[in-house]
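One letter stands for each residue in the lines below.
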Amino acid sequence: MQINVSQVLNKVSREDLQRFEGPLKEFQQQLHSGTGAGSDFLGWLDVPVGMDTGELAAIRDDMERLVPMVDVFIVVGIGGSYLGGRAVIEVLKHNFSHMLPEEKPHIVYAGHNLSSGYLHDLMEMVSHKDFALVVISKSGTTTEPALAFSLLRGELEKKYGQHGARKRIVAITDKEGGALRKLTREQGYSSYVVPDDVGGRYSVLTAVGLFPVAMAGKDIHQLLKGAKDMRERLMNNNTLDNNEAFMYAAARNALYQKGKTTEIMACYDPMWHYFAEWWKQLFGESEGKEHKGIFPAAVSFTTDLHSLGQYIQEGERNLFETVIHVEKARHVVNVPEDDQNLDKLNYLTGLSVNEINHRAETGTIMAHVDGGVPVIQLGIPQADEYNLGKLIFFFQYACALSGYLLKVNPFDQPGVEAYKNNMFALLGKPGYEKETEKLKKRH
Ligand code: PA5
């Protein structure tokens with residue numbers, strides 16, 4: 001993976017970046033020694049090297065058992081319990097896999113919204129299909145996945161009976177104590193553990209992400225290998241020039257200090273949409289606290305150049321961009337020559353669509369930099385499991401360091417409780433009587 005920060009140097013100087021190197025060295029030490037904020041949640045640092053081979057074998061066995069049984073596989077979870085797996089699957093899948101019968105099982109998602117339309121349509125669709133599901137919830141009590149699981153379990157039981165349903169449910173939750181763990185034990189579901197010391201948004205390389213990715217037929221060993229190689233590099237280097245996470249954390253914090261309060265992840269392939277969603281959650285939930293933090297947004301280019309492109313070029317100048325550059329396309333599509341050239345496209349003959357996309361990327365970067373939007377470019381050779389593993393570990397590590405630079409705890413998320421408390425009070429959940437009274441007085 002390569003990082004290119006030359007296109008931020010019109011807004012921040014090399015000295016501005018260099019100032020962060022000392023603090024970054026110190027925070028790296030704290031991260032490695034577990035002496036920084038949130039040190040109870042550093043398990044993700046060792047996941048790529050500490051993955052239990054027994055667990056990997058169990059994932060393979062469950063996957064081999066379930067795949068022949070199902071047309072549709074549902075991943076039930078929200079936030080960190082589903083975004084990482086979905087990010088990897090969506091980058092790697094066939095764009096039209098849902099239309100291809102041989103691409104079985106079709107992976108679909110539930111428990112990440114409270115839309116009755118979505119749940120209705122999903123239940124209707126699976127009533128005509130063979131299906132199974134994995135329910136992923138560390139706490140086991142999150143409303144959205146708990147509700148979706150309850151409904152879908154009912155569908156499974158209706159269709160396959162209680163015993164049959166049990167064989168079609170896999171649970172990924174905490175080791176002890178949570179409501180889902182209790183149910184899992186009672187029902188004898190196949191299950192995996194979300195380690196206590198790994199928070200949701202840092203959990204993609206545990207069974208949380210690996211199991212759905214394996215069900216989609218993707219290579220989880222290569223994903224882990226990429227993460228392991230990136231871990232090796234980042235943990236053993238500590239300068240801006242040999243540690244890409246240092247450079248990324250320094251560049252974004254230097255830009256933040258110059259008033260660049262929104263970071264836009266720009267990808268040039270719509271398949272990266274969910275990768276950007278995962279990244280948004282990772283950075284948004286890790287850094288947005290104590291009234292601080294860079295707001296993470298995302299665009300899909302070139303599509304969004306015809307909508308948000310105008311704002312990025314000429315709107316409020318509080319933006320910077322992080323571009324994911326993928327060198328090699330999965331498939332080459334060449335532009336054919338047209339004898340008559342009626343469409344005036346012959347100037348493109350001899351180029352591949354990917355080369356045209358790259359020129360669009362270069363042209364856009366130049367335009368945005370000229371328009372006052374600095375650009376950090378992250379380059380990978382191709383979109384495969386190995387490089388995604390690298391990128392995932394890179395962002396997790398950079399996020400931890402960047403959070404420390406901002407002087408926040410990058411591993412907690414106290415702010416997500418506020419809406420839940422109100423929602424539970426409004427729903428009359430037992431234990432929320434005081435909040436209900438308070439809300440009544442407000443209206
Ligand atoms: O990153 C996080 O911690 C959150 O996004 C959680 O993953 C999300 O709230 C789901 O929580 P749970 O896995 O307990 O259902």
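Nothing here was measured: the structure is a model prediction, and the numbers come from that model.

## As for the domain arrangement of the chain
A common measure of how large an interface is: the accessible area buried when the components associate.
Part 1: Segmentation of the chain into domains returns domain 1 (2–37 + 223–407) and domain 2 (43–220).
Part 2: For domain 1 and domain 2, the distance between their C-alpha centroids amounts to 29 Å.
Part 3: Counting residues at the interface gives 29 residues for domain 1 and 30 residues for domain 2.
Part 4: Taken together, both faces of the contact between domain 1 and domain 2 bury some 2,900 Å²; the carbon and sulfur share is 67%.
Part 5: Counting across the interface, domain 1 meets domain 2 through 2 salt bridges.
Part 6: Across the pair arginine 201 and glutamate 285 runs a salt bridge, and its minimum N-O distance is 3.0 Å.
Part 7: Those elements giving two or more residues to the side of domain 1 that touches domain 2 turn out to be helix 10 (220–235), helix 12 (273–287) and helix 15 (385–405).
Part 8: Grouping the constituent residues of the side of domain 1 that touches domain 2 by class yields 18 nonpolar, 3 polar and 8 charged.

## Digging into the nonpolar core
Part 1: Among the nonpolar cores identified, the biggest contains 98 residues, and Trp44, Phe275 and Phe395 are the most heavily contacted of them.
Part 2: When residues are assigned to domains, this core turns out to be shared by domain 1 (2–37 + 223–407) and domain 2 (43–220), each giving three or more.
Part 3: Among residues more than four places away in sequence, those in contact with tryptophan 44 are Leu31, Asp197, Val198, Tyr202, Phe393, Gln396, Tyr397, Ala400 and Phe411.
Part 4: Val72, Leu122, Phe131 and Phe149 belong to the second largest nonpolar core, which has 22 residues in total.

## Let's talk about the site of the ligand
Part 1: Around the ligand sit 13 residues in total, of which Ser81, Ser137, Ser139, Thr142 and Gln281 are the nearest.
Part 2: Take serine 137: an N or O atom from its side chain is 2.6 Å from an oxygen atom of the ligand.
Part 3: Serine 139 has a polar side-chain atom sitting 2.7 Å from an oxygen atom of the ligand.
Part 4: Its residues assigned to classes, the shell around the ligand shows 1 nonpolar, 9 polar and 3 charged.

## Notes on the pairing of strand 5 (residues 169–173)
Part 1: With respect to burial, strand 5 is a largely interior element, 5 of its 5 residues being buried.
Part 2: A two-sided burial pattern is seen for strand 5, the buried positions comprising Ile169, Ala171 and Thr173 on one face and Val170 and Ile172 on the other.
Part 3: By the bridge criterion, 4 bridges tie strand 5 to strand 6 (residues 190–193) in an arrangement that is parallel. Note on strand 6: the bridge partner recorded for threonine 173 is valine 193.

## So, the packing of helix 2 (residues 21–33) against helix 15
Part 1: Helix 15 packs onto helix 2 with a crossing angle of 115° between their chain directions and a minimal axis gap of 10 Å. Helix-helix and strand crossings are classified by hand; for helix 2 and helix 15 the assignment is right-handed. Seen from helix 2, the contacting residues are Pro23, Leu24, Phe27, Gln28, Leu31 and His32; seen from helix 15, they are Tyr397, Ala400, Leu401, Tyr404 and Leu405.
Part 2: Split by residue class, the contact of helix 2 with helix 15 holds 9 nonpolar, 2 polar and no charged.

## A few points about unusual backbone geometry
Across the chain, the bulk of peptide bonds are trans and the bulk of non-glycine residues have phi less than zero.
Part 1: The linkage connecting lysine 104 with the following residue, proline 105, adopts the cis geometry, with an omega of -10°.
Part 2: Here proline 105 lies in the loop between helix 5 (83–92) and strand 3 (106–110).
Part 3: The omega torsion across phenylalanine 301 and threonine 302 is 10°, close enough to zero to call that bond cis.
Part 4: Position of threonine 302 relative to the elements: it lies in the loop between strand 8 (295–300) and helix 13 (309–314).
Part 5: For histidine 291, which is not a glycine, the phi torsion comes out positive at approximately 60°.
Part 6: Looking at the element boundaries, histidine 291 is found in the loop between helix 12 and strand 8.
Part 7: The phi torsion at asparagine 341 lies on the positive side, around 50°, for a residue other than glycine.
Part 8: Along the chain, asparagine 341 falls in the loop between strand 9 (319–328) and helix 14 (353–370).

Each value, and the rule that gives it
- Residues numbered from 1 in each chain as written.
- Predicted model: local features only at pLDDT ≥ 70, side-chain atom pairs only at ≥ 80, totals over all residues.
- Heavy atoms only, no water.
- Domains from an automatic or database assignment.
- Contact = heavy atoms within 4.5 Å.
- Buried area = accessible area lost by both parts, 1.4 Å probe.
- Salt bridge = Lys/Arg side-chain N within 4 Å of Asp/Glu carboxyl O.
- Helix = DSSP H or I, 4+ residues; strand = E, 2+ residues; numbered from the N terminus.
- Nonpolar A, V, L, I, M, F, W, Y, C, P; charged D, E, K, R; others polar.
- Core = buried A, V, L, I, M, F, W, Y, C linked by side-chain atoms within 4.5 Å.
- Buried < 20%, exposed > 50% of the residue type's maximum accessible area, 1.4 Å probe, protein only.
- Near = heavy atom within 4 Å.
- Polar contact = N/O pair within 3.5 Å; in protein donor to acceptor, adjacent residues only side chain to side chain.
- Pairing = 2+ DSSP bridges.
- Axes fitted to C-alpha atoms, helices over the stretch in contact; angles between N-to-C directions.
- Left-handed = near helix turned anticlockwise from the far one by under 90°.

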